[in-house]
Amino acid sequence: MSSGLVWPWALAIVAVVALAVAGIAWWRRGARRAGRSRWVAATADLDVIPEVRSALRRYVWLRAAGAGALALALACSAVLIARPMHQQTISERLGTRDIVICLDVSGSMVDYDAAVLNSFTELIENFRGERVGLSIFNSTSRTVFPLTDDYPIALDEIEQGAQVLDGVSGGFYSMDALDAYERWTDGTINLGGDQASLIGDGLASCGLLFDQEDDQRSRSIILVTDNELMGDPVYSLSQAIDLTSEREITLFGLYGGPAELRGSALEIEFTSLITDAGGHTWFADDAAAIDGILDEVVQQQTAVLDADPEIRITDTPRTWFLGLVLALAGFWVLQWRVRS
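Residues numbered from 1 in each chain as written. Predicted model: local features only at pLDDT ≥ 70, side-chain atom pairs only at ≥ 80, totals over all residues. Heavy atoms only, no water.

Draft legend 1. Region of interest: the side chain of Ser135. Its location among the elements puts Ser135 in strand β5 (residues 131–137). Taking relative accessible area as the criterion, Ser135 reaches 2% and is therefore assigned buried. A distance of 3.4 Å separates a polar side-chain atom of Ser135 from the backbone oxygen of Arg142. Not counting chain neighbours up to four residues away, the residues in contact with Ser135 comprise Ile101, Cys102, Leu103, Ser141, Arg142, Thr143, Val144, Cys206 and Leu209. (Helix = DSSP H or I, 4+ residues; strand = E, 2+ residues; numbered from the N terminus. Buried < 20%, exposed > 50% of the residue type's maximum accessible area, 1.4 Å probe, protein only. Polar contact = N/O pair within 3.5 Å; in protein donor to acceptor, adjacent residues only side chain to side chain. Contact = heavy atoms within 4.5 Å.)

Draft legend 2. Structural detail: the sheet that holds strand β7 (residues 218–225). In space, the six strands of this open sheet follow the order β6-β5-β4-β7-β8-β9, with mixed pairing throughout. Across the chains shown, the open sheet's two edge strands, defined by having one partner strand only, are β6 (141–148) and β9 (280–283). Strand-to-strand twist in this sheet, taken as the mean axis angle between neighbours without regard to direction, amounts to 15°. Relative to β9, strand β8 (residues 249–255) runs parallel, the two sharing four bridges. Within the sheet, the bridge partner assigned to Leu254 lies in β9 and is Trp282. Across the sheet, helix α4 (residues 151–167) touches β4 (97–104), β5 and β6, and the angle it forms with β6 is around 150°. (Pairing = 2+ DSSP bridges. Axes fitted to C-alpha atoms, helices over the stretch in contact; angles between N-to-C directions.)

Draft legend 3. Molecular detail of a nonpolar patch on the surface. There is a patch of nonpolar side chains on the surface, built from Trp7, Trp9, Ile13, Val17 and Val21 and spanning about 520 Å² of accessible area. Tracing the backbone shows Trp9 in helix α1 (residues 9–36). Trp9 sits in the exposed class, given a relative accessible area of 53%. (Patch = residues over 30% accessible without salt bridge, like charges linked within 9 Å, V, L, I, M, F, W, Y side chains within 5 Å. Areas by Shrake-Rupley, 256 points an atom, 1.4 Å probe, with all protein chains shown as cover. Salt bridge = Lys/Arg side-chain N within 4 Å of Asp/Glu carboxyl O.)

Draft legend 4. Just helix α8 (residues 265–276), in detail. Over its 12 residues, α8 runs 16 Å from end to end, which matches the ideal 16 Å to within 8%, given 1.5 Å per residue. Within α8 the residues assigned to the buried category are Glu267, Phe270 and Ile274. The buried residues of α8 occupy one face: seen down the axis, they fall within an arc of 65°. Facing away from the buried side of α8 by more than 90 degrees, the exposed set consists of Ala265 and Asp276. Looking at the buried side of α8, the elements it contacts are β7, α7 (237–246), β8 and β9. Trailing α8 by a residue or two, Gly278 shows a phi angle of about 90°, which is positive. (Expected span 1.5 Å × (residues − 1). Arc of directions from axis to C-beta.)

Draft legend 5. Spotlight on the packing of α7 against α8. As a packed pair, α7 and α8 sit with axes 10 Å apart at the nearest point and diverge in direction by 20°. Considering their axes alone, α7 and α8 lie roughly parallel with respect to each other. Handedness of the crossing formed by α7 with α8: right-handed. Residues Leu237, Ser238 and Ile241 of α7 touch α8, and the partners they reach there are Phe270, Leu273 and Ile274. For the contact of α7 with α8, the per-class residue count stands at five nonpolar, one polar and no charged. (Parallel < 35°, antiparallel > 145°, perpendicular 65-115°, else oblique. Left-handed = near helix turned anticlockwise from the far one by under 90°. Nonpolar A, V, L, I, M, F, W, Y, C, P; charged D, E, K, R; others polar.)

Draft legend 6. Representation of the pattern of salt bridges. Inspection of every chain in the model, using the stated rule, returns three salt bridges. The shortest N-O distance in the salt bridge between Glu130 and Arg97 comes to 1.9 Å. A residue pair is termed long-range when its members are at least 10 positions apart, and Glu130 in the loop between α3 (110–124) and β5 and Arg97 in strand β4 qualify at 33 residues. In terms of burial, Glu130 and Arg97 fall into one category: buried.

Draft legend 7. Structural view of the pairing of β8. Here β8 lies mainly inside the structure; seven of its seven residues are buried. Neither face of β8 is exposed, since Ile249, Leu251, Gly253 and Tyr255 on one face and Thr250, Phe252 and Leu254 on the opposite face are all buried. Note: β7 against β8, seven bridges, orientation parallel. Opposite Arg219, over in β8, you have Ile249 as the bridge partner. The handedness of the β7 to β8 crossover, carried by α7, is right-handed. Handedness of the crossover joining β8 and β9 through α8: right-handed. (Right-handed = clockwise from strand over helix to strand, strands pointing away.)

Draft legend 8. Quick look at the packing of aromatic side chains. In total, this model carries three aromatic pairs according to the counting rule given. Ring geometry for Tyr255 and Phe283: centres 6.4 Å apart, planes at 70°, overall edge-to-face. One end of the pair, Tyr255, is in strand β8; the other, Phe283, is in strand β9, with 28 residues separating them in the sequence. You can call Tyr255 buried: its relative accessible area is 2%. (Phe/Tyr/Trp six-rings, centres within 6.5 Å; stacked < 30°, edge-to-face > 60°.)

Structure representation (structure tokens):
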């Protein structure tokens, strides 16, 4: 950061104008005094009277102080015209990671989804240059927002989803909460059939959200599901994982099943398929899961991009404006004293 003036040449212009005005004023004052000089009888010895001498000294001092205050006001005005500022050059190094949150919003996952989304806000707050997207699925998929580095929008969408899902968790909810859930998950339920939680199809849809021709950015999917399949998907979980592997996407799994399902065939299949593909898994209610995901995602970075330097100019007139106000106030007081 450096300090300076936006228009330093303005100081020279103000100085020239001030000197010209001062010169003209001095010349006109001298001419007036020469034309108005008058001798007054019996005043030769006035300057030896202590009271007169004290008054003259005070007069001279007040005039000099007034001139100093006026000069200070002029100097502050000149600096304000020249526009004082702080200049800061920021050169950022941006991450090149793409992360898609792939969320199962079927009824069996509602009790876990809100907590998971709230945890993801902590993950996003650590990003700088990464892109994040959110896709939700049940029998079909819906993209809540595509890959973006506009974190305020991403956080707003995630917080809205967490609020909606929290409203229908726990088994007790109002009709308004149910309506909000149905609106937010609209597009993920095939009303014409009895299929639900088609995990493989949901994961395959998430894998299509990446820019396939961009090989500078690492790709990761965070899959949140309990692996409870109901229906006949186009892609099995195994086939969807193979698809993501072909596209060089790293998979992170958060298993959202209840405690009694841990160690079950569903949980073992979920964990083994992801880890065999080079991914990592955690339980959705694991407090260390987000930190673990963040550590693993950081290691996925394939490159670091240097953003174009950004020059930020911040005006800093406060000190000079305060000086101008005080100088003018002082000048006014001193002039009042001179006249009195």
